[in-house]
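The lines below spell out each chain.
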Amino acid sequence: MSIDDTNNVLIPQTREIRFPTDEIGRIGVAIQELAQNLETRYRELQKIVQITARVNAGLFLDEILEGVYRDFKDFIPYDRIGFSLIEDDGKSIKARWAKADYAPLLLGRGYTAQLAGSTLEIIINSGQPRIINDLDAYANEKPESGSTKLILEEGICSSLTCPLIANGAPIGFMFFSSRRRNMYASIHVDIFQQIAGQLSVMVEKGRLVAELAAQKLELERKNDELSRLNDLKNSFLGMAAHDLRNPIGNILMAMSLLTNKKFVLPPEEHEEILAEVDKQAHYMLDLLDDLLDVSHIESGKFTLNPVPIDLESFLREVVQRHHRLAEAKGSVVRLEPVARGEAIADPMRLRQVLDNLISNGVKYSPAASEIVVRAEPEQGDWLVAVQDQGPGLTLDDQKRLFQDFARLSAKPTGGEKSTGLGLAITRRVIEAHGGRIGVNSEPGQGATFWFTLKSGEKREMVKGCELPPV
């Protein structure tokens, strides 16, 4: 008897015995050889159980496959192992994992092929492994096999394909490959099937754990999104309670004065009160419009309808309108010459973006300032910029600039009010167009807000399209 050190198990120990040369002696030799083979098989099976137990300690599929690659060379010689899953209700096979002692891997993760009509389908149906000891010869017989061509380019000469069947259902394949011909000519199929059965259980466990982990991450992502939306809802309620309360109070007080017959107001004061009522009403309307815009964006109901726009004429119309509005503050809105060309954009939403940026430029610049609008081609896109002469932005302000309800240190120079949502909406609109938005500014040096649009030559690249959330 001997002791198996790996498991502390007593194993029968055969010893060489000399038998006579007659018929009984030959039977004795055969029995001795059988005993030696059984002892070898016992040791192999014990080793397989030990390795699979260690490999199976890994939770995730990649951990398990790495363990297989590391530990199974005592039983299956290989320079490369690949693993593929059966997908699309058994219609296709997709490479999920591969590792080799060499580089590069030409047949790696993501490679897909149809299962129906392939030799792999025959392997799955039979449940038997396939051994190819000369891949060059096999490629000549199967010239349509794209995976064989890639494997040959890697230098692989022979392969052993193992069907993986868990709980009676096929789940995929393990591919053991060697850069030597005839590597698997003497492999014991029964030992290999034992390994295949163990691998099937381990791989299926790893796949299920990976799916559960992915579902957990997706659930956490959705929970985070719900939490963010709940915070946004609370911000909406806070904004409505705070920013609507004051103007409503002012309007009620003004209306009380105007309707109180005990007070006789001079005409000019009467007009001032009416103007203030109008101002407060417009502010509330702007706030509600912004809140509705953000609400629609978050719910996915806010869509774009991009069309080709002659950018020069579009900008000229917007600038002329804002120039008239800026005259009340003694300011000028000027458009620099624009090259001929089209941009792809939703006209209504692009006007909303420009209105916000230009009105902010007028609002935050001192009286008698110049707000400059320019547009120029940039690497096949358009770069549109609005430059003001305001107080500029600190680094802290720039970090919060395009967030919801952002309140900045800079204040409007004419006492104008801001909802804190305009730039956040502007960012969403530009990103939905496939563009970028940003600002260049230093305190005391004004600010230049810029954004990009796709040119008419890239119209197929513009989403047509729901706006993304924050």
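Starting from 1, residues in each chain are numbered consecutively following that chain's sequence as written. The predicted nature of this model means local features are confined to residues of pLDDT at least 70 and side-chain atom pairs, given and counted, to a pLDDT of 80 or more, with totals for whole chains, interfaces and linings taken over all residues. Here the side-chain values reflect all heavy atoms present in the structure, with hydrogen atoms and water set aside.

So, the sheet that holds strand S13 (residues 381–387)
Working step 1: The criterion for strand pairing is that DSSP finds at least two bridges linking the strands in question. The numbering of helices and of strands both runs from the N terminus, where a helix is a DSSP run of H or I of at least 4 residues and a strand a run of E of at least 2. Here we have five strands laid out as an open sheet, ordered S10-S12-S13-S15-S14, and mixed in their pairing. Sheet topology places strand S10 (332–335) and strand S14 (437–441) at the edges, where each strand pairs with a single neighbour. On average, adjacent strands in this sheet sit at an angle of 20° to one another, irrespective of strand direction.
Working step 2: In the sheet, S14 pairs with strand S15 (residues 447–454) via five bridges, with the strands oriented antiparallel. Following the sheet pairing, Gly 438 is matched in S15 by Trp 450.
Working step 3: Running at roughly 170° to S15, helix H10 (residues 347–364) makes contact with S10, strand S12 (370–378), S13 and S15 of the sheet. Working convention: axes come from line fits to C-alpha atoms, limited for helices to the stretch in contact. Angles between N-to-C directions cover 0 to 180 degrees. Two residues qualify as a contact provided that any one of their heavy atoms is within 4.5 Å of a heavy atom in the partner residue.

Some thoughts on the pattern of salt bridges
Close approach of charged atoms allows side chains with opposite charge to pair.
Working step 1: The term salt bridge refers to a pairing of a side-chain nitrogen on Lys or Arg with a carboxyl oxygen on Asp or Glu at a separation within 4 Å. Counted under the stated rule, the structure contains 14 salt bridges.
Working step 2: Ionic pairing is found between Asp 134 and Arg 181, a salt bridge with its closest N-O pair at 3.5 Å. Residue Asp 134 is found in the loop between strand S6 (130–132) and helix H4 (135–141), and its partner Arg 181 is found in the loop between strand S8 (169–178) and helix H6 (189–243); the two are separated by 47 residues along the sequence.
Working step 3: Take Arg 181: its relative accessible area is 46%, and that puts it in the partly exposed class.
Working step 4: Here Arg 436 and Glu 378 are joined by a salt bridge, their closest N and O atoms 3.7 Å apart. With a 1.4 Å probe rolled over the protein chains alone, any residue whose accessible area is under 20% of its type maximum counts as buried; one over 50% counts as exposed, and the rest are partly exposed.

Topic: the packing of helix H9 (residues 311–326) against H10
Working step 1: Contact geometry for H9 and H10: axes closest at 10 Å, N-to-C directions at 35°. With respect to the hand of their crossing, H9 and H10 are arranged in right-handed fashion. Contacts between H9 and H10 involve Phe 314, Leu 315, Glu 317, Val 318, Val 319, Arg 321, His 322 and Ala 326 from the first element and Pro 347, Leu 350, Arg 351, Leu 354, Asp 355, Ile 358, Ser 359 and Val 362 from the second. Handedness of a helix crossing follows the sense of rotation of the near helix relative to the far helix, less than a right angle counterclockwise being left-handed and clockwise being right-handed.

Observations regarding the packing of H10 against helix H12 (residues 422–432)
The angle between the axes and the distance between the axes are what describe a pair of packed helices.
Working step 1: Their axes nearest at 10 Å, the elements H10 and H12 cross at an angle of 140°. Judged by the sense of rotation from one axis to the other, the crossing of H10 with H12 is left-handed. Where H10 abuts H12, its residues Arg 349, Gln 352, Val 353, Asn 356, Leu 357 and Asn 360 lie against Gly 422, Leu 423, Ile 425, Thr 426, Val 429 and Ile 430.
Working step 2: Of the residues in the contact of H10 with H12, the class split is six nonpolar, five polar and one charged. Gly is placed with the polar residues, together with every amino acid not listed as nonpolar (Ala, Val, Leu, Ile, Met, Phe, Trp, Tyr, Cys and Pro) or charged (Asp, Glu, Lys and Arg).

Some words on the environment of Ser 365
Working step 1: Along the chain, the position of Ser 365 falls in the loop between H10 and S12.
Working step 2: As a C-alpha pair, Ser 365 and Gln 389 span 24 residues in sequence and 5.2 Å in three-dimensional space.
Working step 3: Any pair of N or O atoms that falls within 3.5 Å is considered a polar contact. Within protein, one atom must be able to donate a hydrogen and the other to accept it, and sequence-neighbouring residues count only if both atoms are side-chain atoms. A distance of 3.4 Å separates a polar atom in the side chain of Ser 365 from the backbone nitrogen of Gly 390.

Topic: the nonpolar core
Working step 1: Among buried residues, those of type Ala, Val, Leu, Ile, Met, Phe, Trp, Tyr and Cys that are joined through side-chain atoms within 4.5 Å constitute a nonpolar core. Counting 37 residues, the largest nonpolar core has Val 333, Leu 350, Leu 354, Ile 358, Phe 449, Phe 451 and Leu 453 as its most contacted members.
Working step 2: Of all elements in the fold, only H9, strand S11 (342–345), H10, S12, S13, H12, S14 and S15 reach the threshold of two or more residues within this core.
Working step 3: Among residues more than four places away in sequence, those in contact with Leu 350 are Ile 309, Phe 314, Ala 345, Phe 451 and Leu 453.
Working step 4: Ranked by size, the runner-up nonpolar core spans 20 residues in total, among them Phe 83, Leu 160, Ala 166 and Tyr 184.

Re the sheet that holds S8
Working step 1: The six strands lie next to each other as S5-S4-S3-S8-S7-S6, forming an open sheet whose pairing is antiparallel. Since the sheet does not close on itself, it has two edges, and those belong to strand S5 (112–114) and S6, each with one partner. Here the strands of the sheet are splayed against their neighbours by 20° on average, with no regard to which way each runs.
Working step 2: Across three bridges, strand S4 (residues 92–100) lies against S5 in antiparallel orientation. What sits directly across from Ile 93, in S5, is Ala 113.

Examining the pairing of strand S3 (residues 80–87)
Working step 1: Taking burial as the measure, the eight residues of S3 include seven buried ones, the bulk of the element.
Working step 2: In this structure, S3 lies alongside S4, joined through eight bridges in antiparallel fashion. Note that in S4 the partner of Gly 82 across the bridge is Ala 98.
Working step 3: In this antiparallel pair of consecutive strands, S3 and S4, the connection spans four residues, and Asp 88 shows a positive phi of 55°.
Working step 4: Pairing of S3 with S8 involves six bridges; the strand directions are antiparallel. Bridged to Ile 81 within S8 is Phe 176.

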